[in-house]
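Observations on chain architecture
Next come the chains, spelled out residue by residue.
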Amino acid sequence: MSTLEIKDLRVSVDTEDGPKEILKGVTLTIGDGETHAIMGPNGSGKSTLAYSIAGHPKYTITGGTVTLDGEDVLAMSVDQRARAGLFLAMQYPVEVPGVSVSNFLRTAKTAIDGEAPKLRTWVKDVNTALEQLNLDPSFGQRSVNEGFSGGEKKRHEIAQLELLNPHVAILDETDSGLDIDALKVVAEGVNRFRAQEGKGVLLITHYTRILRYITPDYVHVFVNGRIAEQGGPELADQLEAEGYDKYLRVPTGG
Amino acid sequence: MTLTDNPVADAIETTAPGTVLSHLHPVGSFEVADHEVPTGREEIWRFTPLKRLRGLHSDAGYGAGATSSTWNTPDGVRIASVDGDEARGLRGVSGLVPNNRFVARVLAEVPSTLLVDVPAELEVTEPIVVDLTGSDASVTEAGHVALRFGAHSRAVVVLNHVGHAALAQVVEVKVGDGAQVSVISLQDWDDDSVHLTHHEATVGRDASYRHVAISFGGSVVRMDSNVSYAGPGGAAELLGLYFADEGQHIEHRLFADHTAPKTKSHVVYKGALQGQGAHTVWVGNVLIRKVAEGIETFEENRNLVLTDGCRADSVPNLEIETGEIEGAGHASATGRFDDEQLFYLRSRGIDEPEARRLVVHGFFNDLIRKIGVPSLQEKLMATVELELAKNVLKDLD
Ligand SMILES: Nc1ncnc2c1ncn2[C@@H]1O[C@H](COP(=O)(O)OP(=O)(O)OP(=O)(O)O)[C@@H](O)[C@H]1O
Ligand SMILES: [Mg+2]
């Protein structure tokens, strides 16, 4: 059971010329068990939305609210948000030299659950998660994301999604840079997650390709820091045929 | 994080005429009188707080008996404190000709030498551990250590410095042809200690030499670790790990002197700093002489600044006298915690102190794994943990 509610969210970043507003009032509710796709052109603010929900220090919230089952997400620290049940699969996962994947996963699992996982089942769970995402078991010994190919980084994010099993997952362009086989493997992972009761997904993507494997309940078109249109899965087909041009040509006011 | 990864072109530029590099071509002498007392203005002393050295750099008297040494003796290895002619015969065994006063004084004035003698072709499986334990930092002392590894031998020697001391020291290493040798020097002194030490190694034909400097404790620790080559094909790996706390001065100077063709030097030093007045210095000198064609060298120094009030100096310096080299480069970076790394870890539920712990362990881990002595590696991980508890984690709890 979980609902992520974003209301009139306004976010800016600091630039040399002062603050620059990127999100200009985003309202979106991910109801219990729903999958929402956000599609939009480069630079429209999709990652900004994802990072702001996760609490990245680069972004300043200037207005609006984000709640998870009524709890004020914006008042929580980054790690509290994760422990409350939010997960962000990043567009550009970060390298952490010298920290092994297995140590990282165990530390994260312990933090999320509030207790260390049972050793025997945990090792099995990790191996299964890696295997299902076509990652060699030797990944456990490698440093987090260091020297991983683009595709391996993305698959590693989804392995974490499955192991940490949050309430709501935000996937920021997890599909980009994947070949068709890797895309299927990633989609299967997300679908296993979704098949559980009450899991919410916010799937950010630039392309409709992944939506053939992960069918969203709702599609939102994101342009210039706002949701420009929303609809059902058919909206994705329309975008596939027509692109974003029609939204970009609409004057954005202001 | 500021990062400079300089390819060879940049490196050559740093050696353009007019820059001060003469300290790489000193005229050495065994005569103490040939060496002036340093003033602190000299290139090789400019970072060192001479006032805190209790005269070790100049004319402090050498007492006796405050620092004791104990060791294990694996089969076939001779370890002994020798004096008289035997000790005199070991002065300069590494090819060392003193280029400063303290080194000249140690060679001239210290009556005995701690000798570790590994015969040719002996493969010593267990580490030879020499514990040097100081009992009184108010007694200024000096010591000469000679590590002689015969041709094609294999051995690991650990010099473990602990306790209270004011020690001037010269460690000479002779690595025979084809030998494979590790020398690990651990400076884990108590807070009142001062340690001025010069390590000089000569690496034989096709031999490999790994030198590891680990400095955690002591008020002032300054180590010069030099290596030159007695024949072609030798390889030197100079590794270092240091952690400076409030008020500590930890200085490491490296010098890879490529005196033979087809030789290699690889330098990696990593340090962390925390607390008011923590100061670290890393100076990495590499000289590629005219004869040294086809050599490879890379040196790297990274510093992680954990709190305000610290200073890390990092000076790579590459001087090239031949155009015929395989590869040469250096990298130096000093920075604070990487916000992106912390964010990534925290976004997985890991709280801030734990995330910082992971990052610092990660920073040192690769290097610790390279040391190749498992018992020591575990000990070092634990020491890193203790250091972190002092500051980084405490503030956040
Ligand atoms: N520090 C900054 N200074 C100025 N502009 C910034 C800064 N950080 C982000 N931006 C701008 O914010 C906008 C939104 O960026 P964001 O990464 O959220 O876009 P996106 O929709 O995820 O794009 P993509 O499809 O390329 O991933 C972009 O125009 C970007 O240039
Ligand atoms: Mg993006």
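Worth saying up front: this structure is predicted, and the values here are computed from it rather than measured. (Residues numbered from 1 in each chain as written. Chains lettered and ligands numbered in written order. Predicted model: local features only at pLDDT ≥ 70, side-chain atom pairs only at ≥ 80, totals over all residues. Heavy atoms only, no water.)

**Things to note about the overall build of chain A**
Short version of the rule: Numbering goes from the N terminus for both helices and strands, where a helix is a DSSP run of H or I of at least four residues and a strand is a run of E of at least two. Contact definition: two residues touch when any of their heavy atoms are within 4.5 Å. To be clear on the numbers: accessible area is Shrake-Rupley with a 1.4 Å probe, and residue cover counts the displayed protein chains and nothing else. For this count, His and the chain ends are skipped, Lys and Arg are scored as positive, and Asp and Glu as negative. For this purpose, a charge sits on NZ of Lys, CZ of Arg, CG of Asp or CD of Glu.
Of the regular secondary structure elements, chain A holds eight helices and 12 strands. Overall, chain A is about 60 × 40 × 40 Å in size when its C-alpha atoms are taken along their principal axes. The contacts in chain A between residues at least 6 apart in sequence include a share of 70% that link residues at least 24 apart. Surface summary for chain A: the accessible area is close to 11200 Å², and the carbon and sulfur share equals 47%. Across chain A, the 26 positively charged side chains and the 36 negatively charged ones have centroids separated by 2 Å.

**So, the coordination of the magnesium ion (ligand 2)**
All names here are of chain A. The test is simple: Coordinating donors are taken as N, O and S atoms within 2.8 Å of the metal, stretched to 3.2 Å for Na, K and Ca; because water is absent from the atoms, sites can appear incomplete. For each residue, the accessible area found with a 1.4 Å probe, counting protein chains only, is set against the maximum for its type, and the residue is called buried under 20%, exposed over 50%, and partly exposed in between.
For the magnesium ion (ligand 2), every protein donor is listed as Ser47 (OG) and Gln91 (OE1), and the spread of their distances is 2.0 to 2.2 Å. Here Gln91 lies in the loop between strand 6 (86-89) and strand 7 (96-100) and Ser47 lies in helix 1 (residues 46-54), a separation of 44 residues in the sequence. Residues Ser47 and Gln91 agree in their burial class; the two are buried.

**Details of the pattern of salt bridges**
Test applied: Basic side-chain nitrogens of Lys or Arg form a salt bridge, by our definition, when they fall within 4 Å of a carboxyl oxygen of Asp or Glu.
Applying the stated criterion across every chain yields a total of 32 salt bridges over all chains. Close ionic contact of Asp85(B) with Arg88(B) constitutes a salt bridge, the shortest N to O distance being 2.8 Å. Note that Asp85(B) and Arg88(B) are positioned in helix 2 (residues 84-89) at a spacing of three residues, about one turn of the helix. Among the residues examined, Asp85(B) registers a relative accessible area of 61% and is labelled exposed. The exposed category is assigned to Arg88(B), whose relative accessible area is 57%. Each of Asp79(A), Arg83(A), Arg346(B), Glu352(B) and Arg356(B) takes part in one network of salt bridges that share partners.

**Regarding the interface of chain B and chain A**
The condition that has to hold: Note: buried area is the sum, over both parts, of the accessible area (probe 1.4 Å) each one loses when the two are combined. Polar contacts, as used here, are pairs of N or O atoms within 3.5 Å; protein pairs need one atom able to donate a hydrogen and one able to accept it. Residues neighboring in sequence count only if both atoms are side-chain atoms. Ten residue types, Ala, Val, Leu, Ile, Met, Phe, Trp, Tyr, Cys and Pro, are classed as nonpolar, four, Asp, Glu, Lys and Arg, as charged, and the remainder, Gly among them, as polar.
Listed per partner, the contact involves 20 residues of chain B and 33 residues of chain A. Here chain B and chain A share an interface that buries about 2000 Å² over both sides, 65% of which is from carbon and sulfur atoms. The largest share of the area that chain B buries against chain A comes from Phe343(B), Tyr344(B) and Arg348(B), three residues that together contribute 40% of it. Inspection of the region where chain B meets chain A yields two salt bridges. Measuring nitrogen to oxygen at the nearest pair gives 2.7 Å for the salt bridge that ties Asp79(A) to Arg346(B). Between chain B and chain A we count 11 residue pairs in polar contact (both at pLDDT 80 or more) in total. Those elements that place two or more of their residues in the side of chain B that touches chain A are helix 4 (339-346) and helix 5 (352-370) of chain B. Broken down by element, the residue count for the side of chain B that touches chain A peaks at nine residues, all from helix 5 of chain B. Of the residues that constitute the side of chain B that touches chain A, the class distribution is seven nonpolar, five polar and eight charged.

**Description of the side chain of Glu172(B)**
All names here are of chain B. Inspection of the secondary structure assignment puts Glu172 in strand 6 (residues 154-175). No salt bridge is formed by the buried Glu172; the nearest opposite charge belongs to Arg91, separated by 5.8 Å. Polar contacts involving the side chain of Glu172 include one to the side chain of Ser94, which spans 2.6 Å.

**Quick word on the packing of aromatic side chains**
Residue and element names in this part refer to chain B. Inclusion rule: Two aromatic rings, drawn from Phe, Tyr or Trp (for Trp, its six-membered ring), form a pair once their centres lie within 6.5 Å of each other, and the interplanar angle then sorts them: stacked below 30 degrees, edge-to-face above 60, tilted otherwise. Definition used: whenever NZ (Lys) or CZ (Arg) falls within 6 Å of the ring centre and also within 35 degrees of the ring normal, the charge is taken to sit over that ring.
Tallied over the entire structure, the rule returns seven aromatic pairs over all chains. What links up through ring pairs into an aromatic cluster is the set Phe216, Phe243, Phe363 and Phe364. A cation sits over an aromatic face here: Arg105 above Tyr62, 4.2 Å from the ring centre. The positively charged end of Lys270 is found above the aromatic ring belonging to Phe363, 4.9 Å away from the centroid.

**Quick notes on the environment of Ile214(A)**
All names here are of chain A. Tracing the backbone shows Ile214 in the loop between strand 10 (200-205) and strand 11 (218-223). Between the C-alpha atoms of Ile214 and Asp32, which are 182 residues apart in sequence, the distance is 17 Å. If we ignore the near neighbours within four places in the chain, the residues touching Ile214 are Thr35, Ala187, Val190, Asn191, Arg194 and Leu203.

**Let's talk about the site of ligand 1**
Residues and elements named next belong to chain A. Inclusion rule: Any residue with a non-hydrogen atom lying within 4 Å of a molecule or strand is treated as near it.
In the vicinity of ligand 1, 16 residues are found, and the nearest of them are Ile22, Gly43, Lys46, Ser47 and Thr48. With respect to ligand 1, the backbone of Gly43 contributes an N or O atom lying 2.9 Å from an oxygen atom. The contact in question runs from an oxygen atom of ligand 1 to an N or O atom on the backbone of Ser44, over 3.2 Å. Contact with the protein chains covers 69% of the free accessible surface of ligand 1, which is 640 Å². Among the elements of the structure, strand 1 (4-15), strand 2 (18-30) and helix 1 are those that each provide at least two residues to the shell around ligand 1. Its residues placed into classes, the shell around ligand 1 shows three nonpolar, eight polar and five charged.

**A look at unusual backbone geometry**
Residues and elements named next belong to chain A. For Asp8, which is not a glycine, the phi torsion comes out positive at approximately 50 degrees. Within the element layout of this structure, Asp8 appears in strand 1. Backbone geometry places Asn145, a non-glycine residue, at a positive phi of 65 degrees. Inspection of the secondary structure puts Asn145 in the loop between strand 8 (143-144) and helix 5 (150-164). When its relative accessible area of 0% is taken as the criterion, Asn145 is described as buried.

**Quick word on the confidence of the model for chain B**
It should be kept in mind that the predicted coordinates are not to be read in detail where pLDDT is low. All names here are of chain B. Using the following cut-off: Across the chain, each position has a pLDDT score giving the predictor's confidence in that residue, from 0 to 100.
With 92% of its residues at a pLDDT of at least 70, chain B reaches an overall mean of 91. Counted against residues more than four places away or in other chains, residues 1-22, with its pLDDT under 50, gives 34 contacts. Both confidence scores are given for the complex: pTM 0.85, ipTM 0.96.

**Section: the domain arrangement of chain B**
Residue and element names in this part refer to chain B. Put simply, the rule reads: An automatic or database domain assignment supplies the start and end points of every domain.
Taken domain by domain, chain B holds domain 1 (7-336) and domain 2 (339-397). The distance between the C-alpha centroids of domain 1 and domain 2 comes to 27 Å. Contacts between domain 1 and domain 2 engage 27 residues on the former and 19 residues on the latter. Interface area for domain 1 against domain 2, summed over the two sides, is near 2000 Å², with a carbon-plus-sulfur share of 74%. A per-residue breakdown of the area domain 1 buries against domain 2 is headed by Phe216, Leu241 and Lys270, which together make up 24% of the total.

**So, the side chain of Arg346(B)**
With respect to the helices and strands, the residue Arg346(B) is situated in helix 4. When near neighbours in sequence (up to four residues on either side) are disregarded, Arg346(B) contacts Ser77(A), Val78(A), Asp79(A), Ala82(A), Glu352(B) and Ala355(B).

**Section: the nonpolar core**
Our working rule: Buried Ala, Val, Leu, Ile, Met, Phe, Trp, Tyr and Cys residues form a nonpolar core when they are joined through side-chain atoms within 4.5 Å.
Membership of the largest hydrophobic core comes to 112 residues, with the highest contact counts inside it found for Leu4(A), Leu49(A), Ile53(A), Leu171(A), Ile184(B), Ile214(B) and Phe364(B). The element contributing the most residues to this core is helix 5 of chain B, with eight residues. The two domains that each donate at least three residues to this core are domain 1 (7-336) and domain 2 (339-397) of chain B. In contact with Leu4(A), other than residues within four places in its own chain, are Leu28(A), Thr29(A), Ile30(A), Ile53(A), Val66(A), Thr67(A), Leu68(A), Leu86(A) and Val168(A). Membership of the second largest hydrophobic core comes to 51 residues, among which are Leu147(B), Val227(B), Leu238(B) and Ile295(B).

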